[in-house]
Amino acid sequence: MNPNDLTFLKSKVPLLAYFTDAKREELASGSRLASFEPGQPIAFAGDEVHFLGVMLEGTAVISVLSDGGERQALGKFTAGDTFGEMALMTGDRALADVIAETRCRVMLIPLTLFRSIIMAEPRAVQHVSQTLTSRLQKLMQEPAKAAAVFRKQEQQGLLELKGERPERILVLNSGSSSLKYSFFDTEDEAKFAQGVVERIGSQGTRLIHRGPRGEVKRELPQGTYSQACAEMLHELSAKEGGVIRDPSEITAVGHRVVHGGERFSEGTVIDAKVLAEIEALNPLAPLHNPVNVLGIKEAQRVFPAVPHVAVFDTAFHQTLPNYAYLYGLPSGFYEQDKVRRYGFHGTSHAYVTLAGAQFLNRRARELKIVSCHLGNGASLCAVEHGRSVDTSMGFTPGEGLIMGTRCGDLDSGVFAYLEREKKMTGAQIDELLNKKSGLLGLSGVSSDVREIEKAANDGNACALVALKTFCYRVRKYIGAYVAAMGGIDVLLFTGGIGQGSAGIRSLTLQGLGCMGLHNDEQRNREARGFVEVCRISTDDSPVTVLVVPTNEERMIARETLRALSRSYLRQTLVAHAQEPILVEVSAHHVHLSPEHVEALFGKGHQLTKHADLSQPGQYACKEQVTLAGPRGRIERVRVLGPTRKATQVEIALTEQFKLGIHPPIRESGDIADTPGCTLEGPAGAVALDRGVICALRHIHMTPQDALRYGVRDKASVRVRVTGDREMTFGDVRVRVDPNFRLAMHIDTDEANAANIQTGAQGIIEGIQSDS
């Protein structure tokens, strides 16, 4: 940036007038300059926002598309204006298009600098707040334009590879005798390449590489993993068909790691401590984690100067509730040995969940989804509100569905029988159940569904039974997960079988019409499952059925970007690590609608304030009610005011047994498909058909608080609460609103477990997910 630009920032950009020359130079040196020709978009509505834009030259038009498809101009940005503040403060996507009217030069200040420098200056925070208030007030004066801005945005771009800075990401999947790789360039997705080196260390080693100029196959001499890496880099940087000039152009490496245990619930930047923790999980995945670690170490040797990120197959399932992941074993096996359901294929389930939601233009957190990953390894996953709530694979990938060579669910008595009557050793039983069973064992033909289908068509009875048994098990799990979630909106098929076999899909769906799943046979036959997302349900099917091509490599690249973003923001967390958050304990309570106030306390009754609560405008009332369920009652439950549109009851997990109901853990206000109970008051009773939840622990923040702590609305964080029994709480949801006051809320069960009382202090230790 030239001296004239620095002078301009000081004299013509009001937001930056509060900073010293040194701070402005720091902002300028860490930002990116971009030029835009007339008509060229600077930002699109619906885009994730990673920058604060500063107009240095030119004029840009702010506009949106109305529901009728007409473009409505909202105003203009000129030299000295800034844009993107709202999205950066809330974590929402951009609300409007910004399109160059004349030639524009723009300085793009990355989110990390916006948070660590600009939002650390109180006068700048006040300036941003005043700017946003002024813009919103002006917008609200024109209701039609305001409606166009705040209408539901299209859910596109969920799987885009965009970050604060351009990245060239190498994704590695290290196996015992193979190295799979993919290359992504976030600025030019045409520069995509992928390949595999097979049979490393054996005769017949070969490389298969696919890049912009087609496919390359080469036989290689028997060699080591290090030599396989060298061959991979040779193809990626080849003069003919390469995607990089030199390996030094790679800026990040993402690694598939099979098992993250309970420690890792998101992609994580690898350092010595993280690598040691991954190695410590080797006993849980002895065939996979050790080779994953070897691959990481070799990649760190080849790329010592770039960040490496581990993305775990198990991470997506770390949101399972304890009643879904615990086995019926003595509790010590879980508490000491961590024997529990972990689930696998998480990267695939997460990807197709987002891809399916994007295809339907819905938010994943609005949907109840069953994802069927059917391949040589197969699993189902129940996804509610964008979170995995159950999955068919368990402590190992051997549980659940029948697979290519794995038997899936099995009576535990079979193990003792095989040992006692067949004199089989543990190793022999393990080989039988994992390598000789499943479709291979049932059919006697192959583990490949294509060959089994051919044999069945030729009249092979065992092959036919194998297919029917496979589909029956899938169908049974689908029904179980519909019951577990209390409904279903979308069923997804993915994986080699799920994408490729119309016959398997059809056989699986037969008999599920009672659950609202209606298959369109023609759409099913014509689905191009390896090419694009395809709807195979009928137009009038209550439940949408989709075939979704999975792309685990792209998901690993996406999670690598998100992990890097969290890493870049860590400096913000460190800077504010000593700024504690007040912890408040929330007992059971009720929010009432106006009509239910009258039903319970008499016609015309108004709630009576007893005491103000910490959140502005909220108060405890003198009124109390009794909760009655199928099993029992809870008396003297406080009503909170003011009234709400819909009645909601919040109880602790231990109280659900007393009432005899099973409420989900939800954010306040999210009461769809929740159980009800009866409310009893002095003037009458109200039977709720829904509205009872256990509140998800959360932190209330203003947008300014969120920026200081480096988090976004709907992010999940880990919070360490100090005290006699110091405890770290995970999966704490951040809720951002200008009317909130900074405070963390936990329920009485959580408080009792850690001996916490209102007034304790919590410190954010890390970001688990940022949306």
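What counts, and where the lines are drawn
- Residues numbered from 1 in each chain as written.
- Predicted model: local features only at pLDDT ≥ 70, side-chain atom pairs only at ≥ 80, totals over all residues.
- Heavy atoms only, no water.
- Helix = DSSP H or I, 4+ residues; strand = E, 2+ residues; numbered from the N terminus.
- Contact = heavy atoms within 4.5 Å.
- Core = buried A, V, L, I, M, F, W, Y, C linked by side-chain atoms within 4.5 Å.
- Buried < 20%, exposed > 50% of the residue type's maximum accessible area, 1.4 Å probe, protein only.
- Pairing = 2+ DSSP bridges.

(A) Just the side chain of Arg558, in detail. Structurally, Arg558 is set in helix H21 (residues 552-575). When neighbours within four sequence positions are excluded, Arg558 is seen to be in contact with Leu158, Leu159, Leu161 and Leu354.

(B) Representation of the nonpolar core. By size, the foremost hydrophobic cluster in this structure holds 43 residues, and its most contacted members are Val370, Leu374, Leu380, Phe470, Ile478 and Leu491. Put simply, the parts of the chain that give this core at least two residues each are strand E17 (368-374), strand E18 (378-384), helix H16 (449-457), helix H17 (461-485), strand E20 (490-494), helix H19 (502-509) and strand E22 (544-547). Here this core gets eleven residues from one element, more than from any other, and that element is H17. Those residues in contact with Leu491 that sit more than four places away from it in its chain are Val370, Cys372, Ile478, Leu509, Leu517, Val543, Thr544, Val545 and Leu546.

(C) Region of interest: the pairing of strand E7 (residues 97-100). Examined bridge by bridge, strand E2 (residues 41-43) and E7 share two bridges and lie antiparallel to one another. Bridge assignment links Pro41 to a residue of E7, and that residue is Ile99. When strand E4 (residues 59-65) meets E7, the two strands line up antiparallel, connected through four bridges. Following the sheet pairing, Ile62 is matched in E7 by Val98.

(D) Unusual backbone geometry, seen in detail. Note that the residue after Gly641, namely Pro642, is joined by a cis bond; omega there is 5 degrees. Considering the arrangement of structural elements, one finds Pro642 in the loop between strand E27 (633-641) and strand E28 (648-650). One non-glycine residue, His345, lies in positive phi territory at about 60 degrees. Its place among the elements puts His345 in the loop between helix H11 (331-335) and helix H12 (346-359). With relative accessibility at 13%, the residue His345 sits in the buried group. Phi is positive for Arg636, close to 55 degrees, though the residue is something other than glycine. Of note, Arg636 is situated in strand E27. Residue classification places Arg636 among the exposed residues on the basis of a relative accessible area of 61%.

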